Amino acid sequence: MLGVLAAPTFADAADKPTDPQIAHIAYTAGVIDIEAAKLAVSKSKTKAVVDFAKDMLRDHEAVNKQALDLVKKLKVTPEDNDTSKALTKAAKAERAKLKKLKGAAFDKAYIDNEVAYHKQVDGALETLLIPSAQNAELKSLLETGLKIFQGHEMHAEHVAAGLK
């Protein structure tokens, strides 16, 4: 159904990822949503979808900037890992599918994917990334991100309901 859901999930990550791995996973997840949002802004003609995508761009770019600032401050180098690679691969496949769609079919597929993706990321933050984070500042940033992304999930569900 959705490329993101068919991919290896966050649960496939190491039992307890390290802070450098967590930083990379969180940043990668943000980049994926930024790229999807840019595609939606360029393809959709539906105001609610474009507005949602612009919100995703703004929020994910802001959180990723905070994440980069934090890793610089902590002198931590984010570490690529199997979870980041799997997320990137799945997102690339999903974008390829979305690029082939137009109009209402694109809008529905994009928003449905956003709902599923935010559910997946929110779950991973709650059950894996936040509990595994050792650094208090990283844990705090992830907790803030979780609150923002839970709002994104609800917003995506609202937009999806309006498209039906």
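Refer to the structure above for everything that follows.
Small disclaimer: the values here were computed from a predicted structure and weren't measured.

(A) Layout of helix α5 (residues 103-132). Between the first and last C-alpha of α5 there are 41 Å, a value that for 30 residues agrees with the 44 Å anticipated at 1.5 Å per step. Along α5, the largest kink reaches about 50° and is centred on Leu125.

(B) Spotlight on the layout of surface pockets. The calculated volume of the largest pocket comes to roughly 300 Å³. What lines the largest pocket is a set of 26 residues, among which Ala23, Ala26, Tyr27, Ala67 and Leu142 lie closest to the centre. Counting residues per element, the ones that place at least two in the lining of the largest pocket are α2 (19-43), α3 (47-74), α5 and α6 (136-163). Among the elements that line the lining of the largest pocket, the one with the most residues is α3, at seven residues. Counted by class, the lining of the largest pocket contains 19 nonpolar, six polar and one charged residues.

(C) Focus on empty space enclosed by the protein. By the definition in use, this model includes two cavities of 30 Å³ or more. Space inside the largest cavity adds up to approximately 70 Å³. Around the largest cavity, the lining comprises 11 residues; the ones closest to its centre are Ile32, Ala36, Ala91, Glu94 and Asn113. In terms of residues, the lining of the largest cavity owes the most to one element, helix α4 (residues 82-99), which gives four residues. Of the residues in the lining of the largest cavity, the class split is six nonpolar, one polar and four charged. The calculated volume of the second largest cavity comes to roughly 30 Å³. As for the second largest cavity, its lining consists of Ala23, Tyr27, Ala67, Leu68, Val71 and Pro78. Looking at the lining of the second largest cavity, the elements with two or more residues in it are α2 and α3. When residues in the lining of the second largest cavity are grouped by element, the largest group, three residues, is from α3. Class assignment for the residues of the lining of the second largest cavity results in six nonpolar, no polar and no charged.

(D) Quick look at α3. Along its 28 residues, α3 runs 40 Å from first to last C-alpha, staying within 8% of the 40 Å computed at 1.5 Å per residue. Just downstream of α3 lies Lys75, where phi reads positive at about 55°.

(E) Quick peek at unusual backbone geometry. Although it is not a glycine, Lys75 adopts a positive phi angle of roughly 55°. Looking at the secondary structure, you find Lys75 in the loop between α3 and α4.

(F) Region of the structure containing the packing of α2 against α4. Relative to each other, α2 and α4 sit at 5°, their axes nearing to 9 Å. One element, α2, and the other, α4, form an angle in the roughly parallel class. When α2 is examined against α4, the residues His24, Ile25, Thr28, Ile32, Glu35, Ala36, Leu39 and Lys43 are found in contact with a partner set consisting of Thr83, Ser84, Leu87, Thr88, Ala91, Arg95, Leu98 and Lys99. Classifying every residue of the contact of α2 with α4 gives seven nonpolar, five polar and four charged.

Thresholds applied
- Residues numbered from 1 in each chain as written.
- Predicted model: local features only at pLDDT ≥ 70, side-chain atom pairs only at ≥ 80, totals over all residues.
- Heavy atoms only, no water.
- Helix = DSSP H or I, 4+ residues; strand = E, 2+ residues; numbered from the N terminus.
- Expected span 1.5 Å × (residues − 1).
- Bend = angle between axes of the 7 residues up to and from the residue.
- 1 Å grid on protein atoms, 1.4 Å probe; cavity = no way out; pocket = protein on both sides within 12 Å on 5 of 7 lines; lining within 4 Å.
- Points joined across faces, edges and corners; volume = space filled by probe spheres on them.
- Nonpolar A, V, L, I, M, F, W, Y, C, P; charged D, E, K, R; others polar.
- Axes fitted to C-alpha atoms, helices over the stretch in contact; angles between N-to-C directions.
- Parallel < 35°, antiparallel > 145°, perpendicular 65-115°, else oblique.
- Contact = heavy atoms within 4.5 Å.

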